[in-house]
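Residues per chain are reported as follows:
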Amino acid sequence: MSLTNASPEAAASAARTASFALATLPASARNAALDAVHDALAAAKEVILAANARDLDLARKAAADGRLSHALVSRLDLGKKGKWEDMLKGILDVRDLDDPIGQVQLRTKLDDDLVMERVSCPIGVLLIIFEARPEVIANIASLAIKSGNAAILKGGKESTESFVAISQTISAALANTAVPNSAIQLVTTRDVIAQLLAQDRYIDLVIPRGSNELVRYIKDSTKIPVLGHADGLCSIYLSASADQDKAVRAIVDSKTSYPAACNSVETLLVQHAALDTLFPAVAAALAEKEVTLRCDAASKAAIASLSNATVQDATPEDYDTEHLSLTLAVKTVSGIEDAIAHINTHGSGHTDAILTSDASEAERFMNEVDAAGVYWNASTRLADGMRYGFGTEVGISTNKIHARGPVGLEGLTIYKYKIRGDYQATANYGEGEGKRPWKHERLPL
């Protein structure tokens, strides 16, 4: 890994060259590099957290002045309970995953002595542009190295000291491995995002990690394919048949375990028949966690005993808002058809859940809701690469091509077709006298 202030074109060109070398390293060499990164970060914990604390001090002042969102400050905090440990564990989890490169996905006998294979391979060069989240550097570096991709990282100014401390540690660790120095780069030059996004000759995929505004700006500003999501507008549908105690637990976790996360629930859809039975207990549990409920008229009437500080009138905008805070929009729906229609109209395609004891109702929900993650009786906070067993993730994608949902190693690979033949030419094949038919026999992998 290198900290670079080279021109965007020079950085991208160097990454392209390094990607060819990285893609050919054996899995043992890539895994050894991950061990080195893990050990170096563990040893540098105090230095890195001290740098992160300096970033946090400035960020909190900026938030107090209204120049930075509190959600971004929360994401910046590397000392938050479990975040440092999860970052280190994610590196080892990625190391222990199967090698994603060189996997034969398809083998077909086109003719005698003419065999085609589809084989997994790296995408090439990744550009990751991110705000806050200093752990992203370790996550991306680990996934890129394991998947054989070069990566260029550009972080936000709010976490510069954290990024530099982590990058210097990783760079020193990789210097003693087989990974080329330019394979993982952190760009330190200010105001170069537009120039990086113009490097479609060298960069194969852009992955944004940050606010809706950042993602939308990137999607509108480059010819390079973009993997990511602009909004995490997740919904839960509470059916009247749900188990009350379990529903309370799942909803409270979805909203309060990390409100600033993109997989935090933002809208609770309550079946009308559940207003007087299940919803009051759910609302009371959320109130205990200091969640503000933005309710429509029917749901507000069902919890009239709660204080005005907890319950407010919803506006139409609340159902299209990613609050990223202890605020939850609540809407009454007649049943599952109404809930599905609302989600497919207002949701962002990230993660949505149904809480119900009716299996057929759950299957209908999961089949008809158009989202990367659809859950039955589970917290939306499960939408996470580590929780999916991917080791870690580069982000969550709401795209409908190549990769969707939490993107781990598999999402950072593509494939190529290899054909091994005996000088065959297409003129020999077809219908008619003297022509050979294609065999197209599926062969075992």
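Residues numbered from 1 in each chain as written. Predicted model: local features only at pLDDT ≥ 70, side-chain atom pairs only at ≥ 80, totals over all residues. Heavy atoms only, no water.

Labelled according to an unreviewed UniProt entry, the protein appears under the name glutamate-5-semialdehyde dehydrogenase, originating from Stachybotrys chlorohalonatus. The record in UniProt for the protein states the following under Sequence similarities (unreviewed entry): "Belongs to the gamma-glutamyl phosphate reductase family." What UniProt records for the protein under Pathway (unreviewed entry) is the sentence "Amino-acid biosynthesis; L-proline biosynthesis; L-glutamate 5-semialdehyde from L-glutamate: step 2/2." (UniProt positions renumbered as here; feature names shortened; annotations may be inferred.)

> Describe the domain arrangement of the protein, and please don't skip the residues or the numbers.
Domain annotation for the protein reports domain 1 (2–220) and domain 2 (234–388). Taking only C-alpha atoms, the centre of domain 1 and the centre of domain 2 are 33 Å apart. If you look at the interface, domain 1 gives 9 residues, while domain 2 gives 7 residues. Across the interface of domain 1 and domain 2, roughly 600 Å² is buried in total on both sides, 52% from carbon and sulfur atoms. Joining domain 1 to domain 2, the criterion identifies 0 salt bridges. Where domain 1 meets domain 2, there are 1 residue pair in polar contact (both at pLDDT 80 or more). If you list the elements that add at least two residues to the side of domain 1 that touches domain 2, you get helix H4 (70–76) and helix H5 (83–96). With 4 residues, H5 is the single largest residue contributor to the side of domain 1 that touches domain 2. For the side of domain 1 that touches domain 2, a count of residues per class yields 1 nonpolar, 3 polar and 5 charged. (Domains from an automatic or database assignment. Contact = heavy atoms within 4.5 Å. Buried area = accessible area lost by both parts, 1.4 Å probe. Salt bridge = Lys/Arg side-chain N within 4 Å of Asp/Glu carboxyl O. Polar contact = N/O pair within 3.5 Å; in protein donor to acceptor, adjacent residues only side chain to side chain. Helix = DSSP H or I, 4+ residues; strand = E, 2+ residues; numbered from the N terminus. Nonpolar A, V, L, I, M, F, W, Y, C, P; charged D, E, K, R; others polar.)

> Would you mind going over the sheet that holds strand S12 (residues 327–333) in detail, with residue names and values included?
In space, the 7 strands of this open sheet follow the order S11-S10-S12-S9-S8-S13-S14, with parallel pairing throughout. Looking at which strands have only one partner, the edges of the open sheet turn out to be strand S11 (311–313) and strand S14 (373–376). Direction aside, the axes of adjacent strands within the sheet are offset by 25° on average. The pairing of strand S10 (residues 292–295) with S11 spans 3 bridges and is classified as parallel. Following the sheet pairing, Cys295 is matched in S11 by Asp313. Packing against the sheet, helix H11 (residues 279–288) makes contact with strand S8 (234–238), strand S9 (265–271), S10 and S12, and its axis sits at approximately 155° to S9. Contacts from helix H13 (residues 336–346) reach S8, S9, S12 and strand S13 (351–355), with the element oriented near 160° to S9. (Pairing = 2+ DSSP bridges. Axes fitted to C-alpha atoms, helices over the stretch in contact; angles between N-to-C directions.)

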